[in-house]
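This is what each chain is made of:
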Amino acid sequence: MLIGQGIDAHRFGGDRPLVLAGVQVPHDQGLEAHSDGDVAIHALCDALLGAAGLGDIGHHFPDTDAAYAGIDSRILLGRVMASLAERGLAVHNADLTLVAQRPKLAPHISAMVQVLASDLNCPAERVSVKATTMERMGFTGRGEGIAAFAVVLLREGSED
Ligand code: MG
């Protein structure tokens, strides 16, 4: 088993819709980013890459590369999963925490789990998405942006 963690944060702004874990969440602001700003998937990609000892998302998909401008982060996740598969690695489980003062994420959690379970080739029971606030403290508490923390466990081989 190989464990990995990933952390990311993005600031509200720009004119994109808010997309978290591949799910469009109705809100008056999206997140600023070179890609689609899916902070949840970015943290998850870093956790996967970290577990496999493959560096970080910025190394694989630099934000100076026009190829990644506005890209759907699920495409990046798909590429990360492909490089894990090449190394004989599969996801055993994933646990993700989103930190946002607003919008309320609870109504969207089960849709996020479905997306991630599909992209991670993992049963939904082993994909966890949680949401919390920081009680109005810090940058998330002031509503400046959203942060995401991910932990994953990889195993060798594709069988459960
Ligand atoms: Mg990011």
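A brief structural summary. It should be emphasised that the depicted structure is a prediction, and the values quoted were computed from it without experimental measurement.

What follows concerns the layout of surface pockets. Over the atoms rolls a probe the size of a water molecule, and in doing so it shows where empty space is left. Its volume calculated, the largest pocket comes out at about 240 Å³. Surrounding the largest pocket, 14 residues form its lining, Ser35, His42, Ile57, Phe61 and Asp63 being those nearest its centre. Listed by contribution, the elements that provide at least two residues to the lining of the largest pocket are strand E1 (2-11), helix H1 (39-52) and helix H2 (57-60). No other element matches E1, which puts three residues into the lining of the largest pocket. Taken together, the residues of the lining of the largest pocket sort by class into six nonpolar, five polar and three charged.

Inspection of the secondary structure assignment puts Met134 in the loop between strand E5 (127-132) and helix H5 (138-141). Remark: the alpha-carbon pair of Met134 and Ala100, spanning 34 residues in sequence, is separated by 7.5 Å. When sequence neighbours within four positions are dropped, the list of residues in contact with Met134 reads Val99, Gln101 and Thr140.

A separate point is unusual backbone geometry. For the bond running from Arg102 to Pro103, omega is 0°, close enough to zero to count as cis. Tracing the chain through its elements places Pro103 in the loop between strand E4 (89-99) and helix H4 (109-120). Within the chain, Asn121 stands out as a residue other than glycine whose phi angle is a positive 50°. If you trace the backbone, Asn121 turns up in the loop between H4 and E5. What makes Asn121 exposed here is its relative accessible area of 63%. Positive phi is not limited to glycine here, since Arg136 has a value of about 65°. By the secondary structure assignment, Arg136 is in the loop between E5 and H5.

Within the protein, the magnesium ion binds to Asp8 (OD), His10 (NE2) and His42 (ND1); these donor distances fall in the range 2.0 to 2.3 Å. As a motif over one chain, the donors of the magnesium ion read D-x1-H-x31-H.

Attention shifts here to the pattern of salt bridges. When the charged atoms of two side chains with opposite charge come close together, those side chains can pair. Applying the stated criterion to the full structure yields four salt bridges. The residue Arg102 makes a salt bridge to Asp28 at a minimum N-O spacing of 3.6 Å. Remark: Asp28 occurs in the loop between strand E3 (23-24) and H1 and Arg102 occurs in the loop between E4 and H4; sequence separation between them is 74 residues. The residue Arg74 makes a salt bridge to Asp119 at a minimum N-O spacing of 2.7 Å. With a gap of 45 residues between them, Arg74 in helix H3 (residues 73-86) and Asp119 in helix H4 connect regions that are remote in the sequence. By relative accessible area, which is 31% here, Arg74 ends up partly exposed. In this structure Asp119 comes out as buried when scored by relative accessible area, which is 17%.

Parameters at a glance
- Residues numbered from 1 in each chain as written.
- Predicted model: local features only at pLDDT ≥ 70, side-chain atom pairs only at ≥ 80, totals over all residues.
- Heavy atoms only, no water.
- 1 Å grid on protein atoms, 1.4 Å probe; cavity = no way out; pocket = protein on both sides within 12 Å on 5 of 7 lines; lining within 4 Å.
- Points joined across faces, edges and corners; volume = space filled by probe spheres on them.
- Helix = DSSP H or I, 4+ residues; strand = E, 2+ residues; numbered from the N terminus.
- Nonpolar A, V, L, I, M, F, W, Y, C, P; charged D, E, K, R; others polar.
- Contact = heavy atoms within 4.5 Å.
- Buried < 20%, exposed > 50% of the residue type's maximum accessible area, 1.4 Å probe, protein only.
- Donors = N, O, S within 2.8 Å, 3.2 Å for Na, K, Ca; no water.
- Salt bridge = Lys/Arg side-chain N within 4 Å of Asp/Glu carboxyl O.

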